[in-house]
Amino acid sequence: MLIDIRVTCCLFAAVFQAAIVIGQDSDPKEHQRYRDYIAKRQVQAALKIESPGLSGMKKLAMEARDRIAIPTTEANGKDLLSLSRELQSKMREIESNDVGRYMATSDRSVAALIQFDTDTISISDGALKIRHDRLSKAIEALEDYQPSTQGVFDPETNPTAAIVEQEVSWINEMYERVISRLAIIATAEAEFDPTVDWSSYPTLQQAKRKVLAKMAVQLAAVETRAEQEALDQSAERRFQSVFDAKKNRFDTETDAMSRIAELSRLLMLKEFEVKEAEFDVKEAKIEVEKAELRKQQTVASNEKRMIETESSLLTVDAGQERIKKYLQSPHVKRLLAPFCTDGWHHTGNALEKGPMSLKLLSNHVAGVSPFEPSKSGLRVFVDVAQGENDRPTWGIASINAYMLPANFVNIDGEKVNPAVEAQRILREHGQLLIELGMLKP
């Protein structure tokens, strides 16, 4: 497993360096203002500038909402969803065109694009609409805030400020990832020499397959060396060393083959998308025609309203089942282990082990609820999980909980802060967790 980790780290390091070098070698005009914006944010972080006040928080929320809803200067006249679709289209095209053949001449470019295949960016209309609605409600709440009656606005404890910070963080992260990838492709397009006959060069897809095959050969060579070293050890430990070498070889081979198989599957999907690209225009025209027909339909009859009502009830039931399935999934159970694993702390019953009691868990600490959607509430929530708890804990500092990387996949398929997601689950679905036997009342 150590061998596998080292090889993977080397690949990711190469990808990271490729992105940096390619970004430095050129300066596309359409991304200059974007880089100025990022530099400004980095300076602010370095100087530890305090969170914005009420007007600043409202401006931050409006800018983030506009980045979803309307074109922006940084996006060169395109919103986040349009940019992600442009990126998907570009990625399909370079798999087999001459620009892709040019990029395949650089090992660092190939490594970067293999990383893009594994770390995909998925941005849907539905997900953006949800975030747009959240920001709209947050802006309304900030506009209605009255310091004269509600006190001085404190972004550290205000729940609306916490929501704005979470949404802005996600939007900026997605925007930066999409723009950086488009910048790499734009740089290659700018450097590409159309006068060269590229037909004899391998395609980008072929180059990626070659890199993956080389990785498999390197893994096999390292495994052979590890096995030989085990055989050369002293007689007293030879048997155990050979056993460990076999086990490591099996684990490494299994993980490597699984990764290679997954990357090969992604490459095959890319190849299929390239072959099917010529049908995209026809399908788009059909969708436009369907949309026009839908606009011309008459107002729904009473019978249709009744059917829609019944359908909505079924949708509610289906949504409840979807939430239950999510709460009982293995990765959510691991996330909620500090609360849902059997133990003695906060059970409400000193004679029997079990999960925590929702009532005891929701007790305020110094006037702050563990379920409050703010930095203070999150710190209290993590202290409860990390404190005098005899169950498995996360092993994190509560003061830094809001800065954890967004690496937990939620019910909508989005990557979010794991501590924030755990707090949201217990806040919104506590009673359902009790019904499922994962919490005590």
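Residues numbered from 1 in each chain as written. Predicted model: local features only at pLDDT ≥ 70, side-chain atom pairs only at ≥ 80, totals over all residues. Heavy atoms only, no water.

**Observations concerning the overall build of the protein chain**
For step 1, the next point in the chain: When helices and strands are tallied, the protein chain shows 18 helices and 2 strands.
For step 2, the next point in the chain: In the protein chain, which comprises 441 residues, the proportion classed as buried is 36%.
For step 3, the next point in the chain: Considering only contacts in the protein chain between residues 6 or more positions apart, those separated by 24 or more positions represent 71%.
For step 4, the next point in the chain: With an accessible surface of roughly 26200 Å², the protein chain has 56% of that area assigned to carbon and sulfur atoms. (Helix = DSSP H or I, 4+ residues; strand = E, 2+ residues; numbered from the N terminus. Buried < 20%, exposed > 50% of the residue type's maximum accessible area, 1.4 Å probe, protein only. Contact = heavy atoms within 4.5 Å. Areas by Shrake-Rupley, 256 points an atom, 1.4 Å probe, with all protein chains shown as cover.)

**Describing the side chain of Thr 187**
For step 1, the next point in the chain: Its place among the elements puts Thr 187 in helix α9 (residues 159-191).
For step 2, the next point in the chain: Among the polar contacts made by the side chain of Thr 187, one reaches the main-chain carbonyl oxygen of Ala 183 at a distance of 2.8 Å. (Polar contact = N/O pair within 3.5 Å; in protein donor to acceptor, adjacent residues only side chain to side chain.)

**Describing the packing of aromatic side chains**
For step 1, the next point in the chain: Applying the stated criterion across every chain yields a total of 8 aromatic pairs.
For step 2, the next point in the chain: Measuring from ring centre to ring centre gives 5.9 Å for Phe 339 and Trp 394, while their planes differ by 70°; the resulting arrangement is edge-to-face. Of the two residues, Phe 339 sits in helix α15 (residues 337-340) while Trp 394 sits in the loop between α17 (375-386) and β1 (408-409), which places them 55 residues apart along the sequence.
For step 3, the next point in the chain: Under the relative-accessibility criterion, Trp 394 is labelled partly exposed at 21%.
For step 4, the next point in the chain: Ring geometry for Phe 371 against Phe 381: centres 6.4 Å apart, planes inclined by 55°, an arrangement best described as tilted. Of this pair, Phe 371 sits in the loop between α16 (358-361) and α17 while Phe 381 sits in helix α17, and the two are 10 residues apart along the sequence.
For step 5, the next point in the chain: Assessed through its relative accessible area of 11%, Phe 371 is described here as buried.
For step 6, the next point in the chain: The exposure class assigned to Phe 381 is buried, which follows from its relative accessible area of 0%.
For step 7, the next point in the chain: Every member of this aromatic cluster is reached through a ring pair, and the members are Tyr 102, Phe 192, Trp 198 and Tyr 201.
For step 8, the next point in the chain: We note Arg 67 situated over the ring of Tyr 175; from NZ or CZ to the ring centre the distance is 3.9 Å.
For step 9, the next point in the chain: The aromatic ring of Trp 170 is capped on one face by Arg 131, whose charged end is 3.8 Å from the ring centroid. (Phe/Tyr/Trp six-rings, centres within 6.5 Å; stacked < 30°, edge-to-face > 60°. Lys NZ or Arg CZ within 6 Å of the ring centre and 35° of its normal.)

**Observations regarding the pattern of salt bridges**
For step 1, the next point in the chain: Scanning all chains against the criterion turns up 18 salt bridges.
For step 2, the next point in the chain: Among the salt bridges present, the one from Asp 119 reaches Arg 181, with a minimum N-O distance of 3.4 Å. Note that Asp 119 is positioned in the loop between α6 (107-118) and α7 (125-143) and Arg 181 in helix α9, a separation of 62 residues in sequence.
For step 3, the next point in the chain: Here Arg 181 falls in the buried class, since its relative accessible area comes to 7%.
For step 4, the next point in the chain: The partner of Arg 131 in a salt bridge is Glu 414, with the nearest N and O atoms 2.7 Å apart. Placement of Arg 131 in helix α7 and of Glu 414 in the loop between β1 and β2 (415-416) is noted, with a sequence separation of 283 residues between them.
For step 5, the next point in the chain: When its relative accessible area of 3% is taken as the criterion, Arg 131 is described as buried.
For step 6, the next point in the chain: For Glu 414, a relative accessible area of 9% corresponds to the buried category. (Salt bridge = Lys/Arg side-chain N within 4 Å of Asp/Glu carboxyl O.)

**With respect to α7**
For step 1, the next point in the chain: In a regular helix each residue adds 1.5 Å, so 19 residues correspond to 27 Å; α7 covers 27 Å between its end C-alpha atoms and thus fits that length.
For step 2, the next point in the chain: Residues of α7 that are buried include every one of Ala 127, Leu 128, Arg 131, Leu 135, Ser 136, Ala 138, Ile 139 and Leu 142, and no others. (Expected span 1.5 Å × (residues − 1).)

**Here's the deal with the confidence of the model for the protein chain**
For step 1, the next point in the chain: Summing up the model confidence of the protein chain, the mean pLDDT is 78 and the portion of residues at 70 or higher is 76%.
For step 2, the next point in the chain: Here residues 71-75 is a poorly scored stretch, pLDDT under 50, and it has 15 contacts once near neighbours within four places are set aside; other chains count. (pLDDT = per-residue confidence, 0-100.)

**Observations regarding the packing of helix α4 (residues 80-94) against α9**
Geometrically, a packed helix pair is captured by the angle between its two axes and the distance between the axes.
For step 1, the next point in the chain: Contact geometry of α4 with α9 gives a least axis separation of 10 Å together with a crossing angle of 35°. Along this stretch, α4 crosses α9, giving a crossing that reads as left-handed. Contact residues: Leu 80, Leu 83, Ser 84, Glu 86, Leu 87, Lys 90, Met 91 and Ile 94 in α4; Trp 170, Ile 171, Met 174, Tyr 175, Val 178, Ile 179, Arg 181, Leu 182, Ile 185 and Glu 189 in α9.
For step 2, the next point in the chain: For the contact of α4 with α9, the per-class residue count stands at 13 nonpolar, 1 polar and 4 charged. (Axes fitted to C-alpha atoms, helices over the stretch in contact; angles between N-to-C directions. Left-handed = near helix turned anticlockwise from the far one by under 90°. Nonpolar A, V, L, I, M, F, W, Y, C, P; charged D, E, K, R; others polar.)

**Re the nonpolar core**
For step 1, the next point in the chain: One finds Ile 94 and Ile 123 to be the most contacted residues of the largest nonpolar core, which totals 48 residues.
For step 2, the next point in the chain: Taken together, the elements giving at least two residues each to this core come down to α3 (54-69), α4, α5 (98-103), α6, α7, α9, α10 (204-231) and α11 (235-276).
For step 3, the next point in the chain: By residue number, the principal contributor to this core is α9, which donates 13 residues.
For step 4, the next point in the chain: The residues touching Ile 94, leaving out its near neighbours within four places in the chain, are Val 99, Gly 100, Met 103, Leu 113, Ile 185 and Leu 204.
For step 5, the next point in the chain: Formed by 30 residues, the second largest nonpolar core is a distinct cluster that contains Leu 358, Phe 371, Val 382 and Val 416. (Core = buried A, V, L, I, M, F, W, Y, C linked by side-chain atoms within 4.5 Å.)

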